[in-house]
Amino acid sequence: MNEFSNAFRTAAHLLVEMDPGLLEVVLLSLRVSLSAVILAAVFALPLGAFVALTPFPGRRGVVILMNAMMSLPPVVVGLVIYLLLSRTGPLGTTGLLFTPTAMIIAQCVLVFPIIAALTRQTVFDLHEEYDEYLRSVGAGTRQKIATLLWDGRARLLTAILAGFGRAIAEVGAVIIVGGNILHSTRVMTTTIALETSKGDLGMALGLGIILVLIAVAVNTAVVTIGGGANQRTV
Amino acid sequence: MNEFSNAFRTAAHLLVEMDPGLLEVVLLSLRVSLSAVILAAVFALPLGAFVALTPFPGRRGVVILMNAMMSLPPVVVGLVIYLLLSRTGPLGTTGLLFTPTAMIIAQCVLVFPIIAALTRQTVFDLHEEYDEYLRSVGAGTRQKIATLLWDGRARLLTAILAGFGRAIAEVGAVIIVGGNILHSTRVMTTTIALETSKGDLGMALGLGIILVLIAVAVNTAVVTIGGGANQRTV
Amino acid sequence: MQSQHHMLPLVVNGVSYVANGKAIIEDVSFTIHDAGLTILLGPNGAGKSSLLKLCHGLWPLSSGSIRWGDADVQDVKQKQAMVFQRPVLLRRSAAENVDHVLKLRGASSAERARVIEESLQWAGLANIADMPARKLSGGEQQSLTIARAWALNPEVLLLDEPTANLDPAATRRVEDLIRSFAEAGKKVIMATHNIAQARRLADEVLFLNHGRLLEQAPAEQFMSGPSDPLAGRFIAGELVE
Amino acid sequence: MQSQHHMLPLVVNGVSYVANGKAIIEDVSFTIHDAGLTILLGPNGAGKSSLLKLCHGLWPLSSGSIRWGDADVQDVKQKQAMVFQRPVLLRRSAAENVDHVLKLRGASSAERARVIEESLQWAGLANIADMPARKLSGGEQQSLTIARAWALNPEVLLLDEPTANLDPAATRRVEDLIRSFAEAGKKVIMATHNIAQARRLADEVLFLNHGRLLEQAPAEQFMSGPSDPLAGRFIAGELVE
Amino acid sequence: LSSPKGTNITLASTTSTENSGLLGYLLPIFKGDSGIGVRVVAVGTGQAMRMAMKGDADVVLVHHRPSEELFVEEGYGVERISVMHNDFIIVGPASDPAGIKGVTDVAAALGRIRSSRAAFVSRGDDSGTHKRELSLWATLGFQPGDDDRDWYRESGSGQGATLNVASEMDAYCLSDRASWVTFGNKRGLELLVEGDPLLLNPYSVILVNPQKYPHIKAPEGQQFIDWLVSERGQQLIAAFRVEGQQLFFPDALDPTEE
Ligand SMILES: Nc1ncnc2c1ncn2[C@@H]1O[C@H](COP(=O)(O)OP(=O)(O)OP(=O)(O)O)[C@@H](O)[C@H]1O
Ligand SMILES: Nc1ncnc2c1ncn2[C@@H]1O[C@H](COP(=O)(O)OP(=O)(O)OP(=O)(O)O)[C@@H](O)[C@H]1O
Ligand SMILES: [Mg+2]
Ligand SMILES: [Mg+2]
């Protein structure tokens, strides 16, 4: 079991040294995953709320699909985006393949259904309570969505954090569309995968520990800022 | 873009032929992921409910940790379990390495924090409403948990389905602890990863399509059975 | 009361409402010509709340039709305000709850500030304007929902047991509001169990039981002796089956 | 009324309750020696619901102490039942809501079936036993929570505006229940705004305002002319500040 | 043979032998001959050795001689036995901006790539292939550094993923022949350089030392190794074809090789 003590020593060492290679990788991870989650949330929150509050034929099907899309395998998402962004693909001229932007897009696709499905569930409950009031005062769909998202903001945090968890921990999609290129598209998870394939398990685990520490820091920050004041649900 | 049409053709072909190799892999995927989710849910649901309803010093920290653990990278979880189950590891004598059981354990660890964190959020809202009633009638902690989980069962489905999504789509952990051994621990996602590394993108995508179809089927079944009757929230 | 009111008459024609296979409102027809106060009376579960909601256009009719003046019931919500039996309050402060409806109606920010202050003042809630609305006491919550409806300055006010949780003084204040509303030529429809209150305020009474309209009568006539025998027992406080 | 009741006297001693920096209950002390009905009176926001909850041990005291007979307030919930001002109903059928409390008390399944039927029958809800409780009408919900409390057969019944949404017949039924409870030597404490009801039922009155206890008096004495001037204005229906 | 039906051994191997289909072709035949099932865990050479060092495999089949020798030296492996070889090749875009097509001297070809600063993708994963690539550059006295970032890219991935990156970037890259022939996403890439003896890629098989780990299934593992290097095993390796090409060349029967 010296791999474990080894891992903690490696993690401590990397952190204390403020290893510049590590810093580069950590910052890119954060940049990519936070961008992806914010981008996904901007669209998934209103969509989830919309589906929750609007009865339309086939809604049940849409909900099931939204839930099922949480099962999208990262590798498949990576492949599809790879093929779209590939030079010979329909979006090849954008030259986005093997760039952080491509990684953001891929993670965004993965995270979108998670945030949308969890938002739908959360808003559904709130809407059940607010529905008659909102219709009574003649709120339009956009006003309803705004009201529900605002009043549910504290509890929607958990949905967004679930999305962030998926993004920051994910390796299958970013390694395909990013290429894990040193100094360019290498993030924490792809580094961990690389160290694992090298057989350097101590380093892989050490990086894993750092990733979890970073996740704890992000979660603390988000919960403290977002869940603060009069909307504490944590 | 003939990879895409190729992929659909491959998927259709595999499905129509009822390829026995495919069937083996699909069944193992389902067996592993469903077992992992059920196992995780059995513990994560009461734990999430418990944290939601019991104020204790440090609860905020526990909640943040639970949320942060949604960011556990599969590769790291895979490595840790690999080291534990390795023949020379502390649990080496169990001989579980490179078996489906090991994969179930790994996915269970990944899925546990997702179900627990989302359950906490869901139960928190319900508990806010039920709290004074439950205390008034002198319900003990176990009775409170049972009441809240039962009354929240329809909305907890989405949490469980999010866990299932993570499990069925995940490749990093199962490939390490399962070894992707043909006829033994090869599941859908590890097959997709293998085909991708062979450069057979059409096959990889085709399998991806089938995986998504299976996820849709599972979600439909779960929502239809679980969300039926008088607790429809979908 | 004359029917200068442009949303009158309210014509309810053969209305039924079925939920979960149960007929909650069954073949109800009536016409309200005049402004002033119409009271819905009837035992628990008679269908008063349901009928109010149908008249407000909140639920789809299973059959029949409802028209307010020239307009379909679906198109008049903007000119009405409804106070629900169980207060629905947003997870915001008391003042923000009033602000919410004003914003929806597109009021300017100066206008909003003025109306918020006025309405909370009226409801005796000025000192708790910044409290989370859902922490308020039962009576304060009910007052707040009435103040919120008042802030909309509607043509039609639909009230469902609005004084159930109010103390005598607040009840009087609400009754004064209703009276001044009715006197200003607007329309109020109110469900209540409080027979004394009905007696004090009503211009007209509709008596419901088991989802059916059993009697429509001018208040004085009804109170002095309803033609429906059930209604008679009801106002005497007897069990109505 | 004699104090054979083993949970009496109820001794409330210097109790305060502070929430969000606001003193909701301030230095309240009183003793209730006798079984029978004690009414909490006071304007909206006076602190009636809060005081009931404190006496039921639902909230931690900010200061002071509450004892029921020999027992601390925390240890007596099993012998009490409380009916909240805003009904809390589980997302289950009406019958299952009653069943829930019976299961918690460990009643046998035959016993449960019997008590469920009896209590719903009593509340006039037998025909809607299988309806989802949260779809019931306002009055039906309130009746159900009272039936649920009744099913527990408690030594002490705490009621918060229990008839606010009830029709006259149901109100009479609940008042009969309260009376028979009190006559059986049990204790009922009830918050109400309904002065007539207080007059009909009360053995003793506690008058609260702004979280403070202003008067404790036998009912007849209080109703014929309270010593506190605010209380006098309150029962006259005037605005109490 | 003697082993009971249903015995399984675990083989840690590199991805090339698995992905090319060689093992999928050999193992069922071995099972028919011996009754022994072989469970393949296909990972990078580094990870494969690591697994074996922890006792999680009975036999390893890898292709990086220095680490193999170290493995045996440290007592983890019983003996390193040559099985077969294939060869490395350089692939690159058909347009061939560095003009290396047909060059048979691999050092010269790499020199041209470097001087033209044409894109080159390295696996960068410490795999056998990566180490070979670095040693080839070293024959030029060159060690890729930060100044070379614009043309020398490290993909940090397996052979397949690296080929995917190269085909997308129109870049050169070193690959083993088996991975290349079976690779399905070649697109603009072509085989440009082959045949230099420096590109020889020998595979060997090692039984994990049962004295180190008593749970190692040594008799069955040895039986598998013996079978691989037997005349039958070697003939089967030579007979294995993908798209008509022979990918692996038996070494065990050729006395000049070891
Ligand atoms: N958690 C809280 N935070 C701040 N203020 C509170 C909280 N809970 C109650 N209050 C305030 O305390 C006061 C007393 O509330 P309480 O519900 O006890 O009044 P009440 O006498 O029952 O009134 P009502 O007749 O309207 O039901 C109210 O002004 C209320 O707004
Ligand atoms: N969605 C529903 N499904 C089934 N039954 C319903 C539904 N909504 C209401 N009901 C039933 O319809 C009847 C009428 O309800 P409504 O709320 O209109 O009564 P009400 O006259 O307002 O009674 P209360 O005086 O108790 O408020 C009740 O018996 C209620 O249980
Ligand atoms: Mg009603
Ligand atoms: Mg109250």
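As a reminder, the structure under discussion sits directly above these lines.
Residues numbered from 1 in each chain as written. Chains lettered and ligands numbered in written order. Predicted model: local features only at pLDDT ≥ 70, side-chain atom pairs only at ≥ 80, totals over all residues. Heavy atoms only, no water.

Participant: Tell me about the overall build of chain C, residues and numbers included.
Facilitator: When its secondary structure is counted, chain C shows eight helices and 10 strands. Rg of the C-alpha trace for chain C: 18 Å, near the compact-globule value of 18 Å for 241 residues, within the 12% margin. Each principal axis of the C-alpha distribution contributes one length, and for chain C these read about 50 × 40 × 35 Å. Residues counted as buried form 61% of the 241 residues belonging to chain C. Of the contacts made within chain C by residues no fewer than 6 positions apart, 67% connect residues no fewer than 24 positions apart. Surface exposure of chain C reaches about 9300 Å², of which carbon and sulfur atoms provide 46%. When the 25 basic and 27 acidic side-chain charges of chain C are each reduced to a single mean position, those positions are 7 Å apart. (Helix = DSSP H or I, 4+ residues; strand = E, 2+ residues; numbered from the N terminus. Rg over C-alpha atoms; globule rule 2.2 N^0.38 Å. Buried < 20%, exposed > 50% of the residue type's maximum accessible area, 1.4 Å probe, protein only. Contact = heavy atoms within 4.5 Å. Areas by Shrake-Rupley, 256 points an atom, 1.4 Å probe, with all protein chains shown as cover. Lys, Arg positive; Asp, Glu negative; His and termini not counted. Charge placed at Lys NZ, Arg CZ, Asp CG, Glu CD.)

Participant: How would you summarise the overall build of chain A if you had to cite specific residues and measurements?
Facilitator: Along chain A, the regular secondary structure elements total 10 helices and zero strands. Along its sequence from the N terminus, chain A presents helices and strands in the succession α-α-α-α-α-α-α-α-α-α. The principal-axis extent of the C-alpha atoms belonging to chain A is close to 65 × 45 × 30 Å. Per-residue burial over chain A gives 63% buried out of 234 residues. Residue pairs in contact within chain A that sit at least 24 positions apart in sequence constitute 75% of those at least 6 positions apart. For chain A, the exposed surface amounts to about 8100 Å²; the carbon and sulfur share of it is 69%. Seen as two clouds, the 15 positive and the 13 negative side-chain charges of chain A have centres 8 Å apart.

Participant: Pulling in residues and values, what's your account of the arrangement of the chains?
Facilitator: A comparison of contact numbers over the six pairs of chains in contact places chains A and B at the top. A minimum C-alpha distance of 51 Å separates chain D and chain E, which share no contact.

Participant: Outline the sheet that holds strand 4 (residues 63–68) of chain C, supporting the account with residue identities and numerical values.
Facilitator: Residue and element names in this part refer to chain C. With respect to topology, four strands assemble into an open sheet ordered 2-1-4-5, the strand pairing being antiparallel. Edge strands, defined here as strands with exactly one partner in the open sheet, are strand 2 (22–32) and strand 5 (71–72). Sheet analysis places strand 4 next to strand 5, joined by two bridges and oriented antiparallel. Bridge pairing links Arg-67 to Asp-72 in strand 5. (Pairing = 2+ DSSP bridges.)

Participant: Tell me about the relation of the copies chain A and chain B, and please be specific about residues and values.
Facilitator: When chain A is fitted to chain B, the residual RMSD is 0.1 Å, and the transformation amounts to a turn of 180° plus an axial shift of 0.0 Å. The superposition operator between the copies reduces to a two-fold rotation axis. The overlap is high: 100% of the interface residues of chain A also sit at the interface in chain B, so the same surface is used on both sides. (Least-squares fit on C-alpha atoms with pLDDT ≥ 70 in both.)

Participant: I'd like a description of the nonpolar core, backed by residues and values.
Facilitator: Looking at soluble globular proteins, one finds that nonpolar side chains tend to be buried together. Ranked by size, the top nonpolar core spans 377 residues in total, and within it Leu10(C), Trp68(C), Leu10(D) and Trp68(D) carry the most contacts. Leaving out residues up to four positions away in the same chain, Trp68(D) has contacts with Met7(D), Leu8(D), Pro9(D), Leu10(D), Cys55(D), Val73(D), Val76(D), Gln80(D), Val156(D), Lys187(D) and Ile189(D). Ile113(E), Trp151(E), Leu174(E) and Leu199(E) belong to the second-largest nonpolar core, a separate cluster that totals 21 residues. (Core = buried A, V, L, I, M, F, W, Y, C linked by side-chain atoms within 4.5 Å.)

Participant: Describe the coordination of the magnesium ion (ligand 3), with residues and values.
Facilitator: Around a metal, the idealised angle for a tetrahedral arrangement of four donor atoms is 109.5 degrees; for an octahedral arrangement of six donor atoms it is 90 or 180 degrees. At this site the magnesium ion (ligand 3) is bound by Ser49(C) (OG) and Gln85(C) (OE1), with donor distances of 1.9 to 2.2 Å. Taken as a pair, Ser49(C) in helix 1 (residues 48–55) and Gln85(C) in the loop between strand 6 (80–83) and helix 2 (94–104) lie far apart in primary sequence, 36 residues in all. (Donors = N, O, S within 2.8 Å, 3.2 Å for Na, K, Ca; no water.)

Participant: I'd love a proper account of the site of ligand 1, names of residues and values included.
Facilitator: Taken together, 21 residues lie around ligand 1, and Ser137(C), Gly139(C), Glu140(C), Ser49(D) and Ser50(D) are the ones closest in. In this structure, ligand 1 sits where chains C and D come together, each supplying nearby residues. Here a nitrogen atom of ligand 1 and a side-chain polar atom of Asn20(D) are 3.0 Å apart. Note that an oxygen atom of ligand 1 is positioned 2.8 Å from one of the backbone N or O atoms of Gly45(D). Starting from 640 Å² of accessible surface for ligand 1 in isolation, the protein chains cover 93%. Looking at the shell around ligand 1, the elements that each hand over two or more residues are helix 4 (138–151) of chain C together with strand 2 (22–32) and helix 1 (48–55) of chain D. Looking at the shell around ligand 1 residue by residue, the classes come out as six nonpolar, 11 polar and four charged. (Near = heavy atom within 4 Å. Polar contact = N/O pair within 3.5 Å; in protein donor to acceptor, adjacent residues only side chain to side chain. Nonpolar A, V, L, I, M, F, W, Y, C, P; charged D, E, K, R; others polar.)

Participant: Provide a residue-level description of the relation of the copies chain C and chain D, including the pertinent values.
Facilitator: Placing chain C over chain D gives an RMSD of 0.0 Å and needs a rotation angle of 180°, together with 0.0 Å of translation along the axis. An overlap of 100% is found between the interface residues of chain C and their copies at the interface of chain D, pointing to a shared contact surface.

Participant: Outline the interface of chain A and chain B, listing residues and values.
Facilitator: Counting from both sides, the interface comprises 60 residues of chain A and, opposite them, 60 residues of chain B. Buried area between chain A and chain B, summed over both chains or domains, comes out near 5200 Å², and the portion from carbon and sulfur atoms is 74%. For the interface between chain A and chain B, the tally reads two salt bridges. Note that Asp125(A) and Arg155(B) form a salt bridge whose closest N and O atoms lie 3.0 Å from each other. Elements supplying a minimum of two residues to the side of chain A that touches chain B: helix 1 (2–17), helix 3 (59–68), helix 4 (74–85), helix 5 (100–136), helix 7 (153–169), helix 9 (188–197) and helix 10 (201–226) of chain A. For the side of chain A that touches chain B, the per-class residue count stands at 40 nonpolar, 13 polar and seven charged. (Buried area = accessible area lost by both parts, 1.4 Å probe. Salt bridge = Lys/Arg side-chain N within 4 Å of Asp/Glu carboxyl O.)

Participant: Describe the side chain of Lys187(D), with residues and values.
Facilitator: Residue and element names in this part refer to chain D. Considering the arrangement of structural elements, one finds Lys-187 in strand 8 (residues 187–191). Buried and unpaired, Lys-187 has Glu-204 as its nearest opposite-charge partner, separated by 4.6 Å. Here Gly-36 takes part through its backbone oxygen, which lies 3.3 Å from a polar atom of the side chain of Lys-187. For Lys-187, the residues in contact, after removing those within four places along its chain, are His-5, Leu-8, Ile-32, Asp-34, Ala-35, Gly-36, Leu-37, Thr-38, Trp-68, Glu-155, Val-156 and Leu-157.

Participant: Quick one: what's the story with the interface of chain C and chain D, residue by residue and with numbers?
Facilitator: Interfaces are often sized by the amount of accessible area the parts lose when they come together. With 29 residues of chain C in contact, the opposing surface of chain D contributes 29 residues. Between chain C and chain D, a total of about 2500 Å² is buried, with carbon and sulfur atoms accounting for 47% of that surface. Interface area lost by chain C to chain D is led by Asn44(C), Arg86(C) and Pro168(C), which between them contribute 22%. Linking chain C with chain D are zero salt bridges, by the criterion used here. Summed over the shared surface of chain C and chain D, the result is 12 residue pairs in polar contact (both at pLDDT 80 or more). Only helix 4 and helix 5 (168–183) of chain C provide two or more residues apiece to the side of chain C that touches chain D. Per element, the largest residue contribution to the side of chain C that touches chain D is five residues, and it comes from helix 5 of chain C. Among the residues making up the side of chain C that touches chain D, the classes are represented as 11 nonpolar, 10 polar and eight charged.

Participant: Now, about the packing of helix 9 (residues 188–197) of chain B against helix 10 (residues 201–226) of chain B: what can you tell me, with residues and values included?
Facilitator: All names here are of chain B. In the contact formed by helix 9 and helix 10, the axes pass within 8 Å of each other and the chain directions differ by 160°. With respect to helix 10, the axis of helix 9 lies roughly antiparallel. Crossing of helix 9 against helix 10: the hand is left-handed. Taken together, the residues of helix 10 that come into contact with helix 9 (itself represented by Met-188, Thr-189, Thr-191, Ile-192, Glu-195 and Thr-196) are Leu-201, Met-203, Ala-204, Leu-207, Gly-208, Ile-210, Leu-211 and Ile-214. Among the residues forming the contact of helix 9 with helix 10, the class breakdown is nine nonpolar, four polar and one charged. (Axes fitted to C-alpha atoms, helices over the stretch in contact; angles between N-to-C directions. Parallel < 35°, antiparallel > 145°, perpendicular 65-115°, else oblique. Left-handed = near helix turned anticlockwise from the far one by under 90°.)

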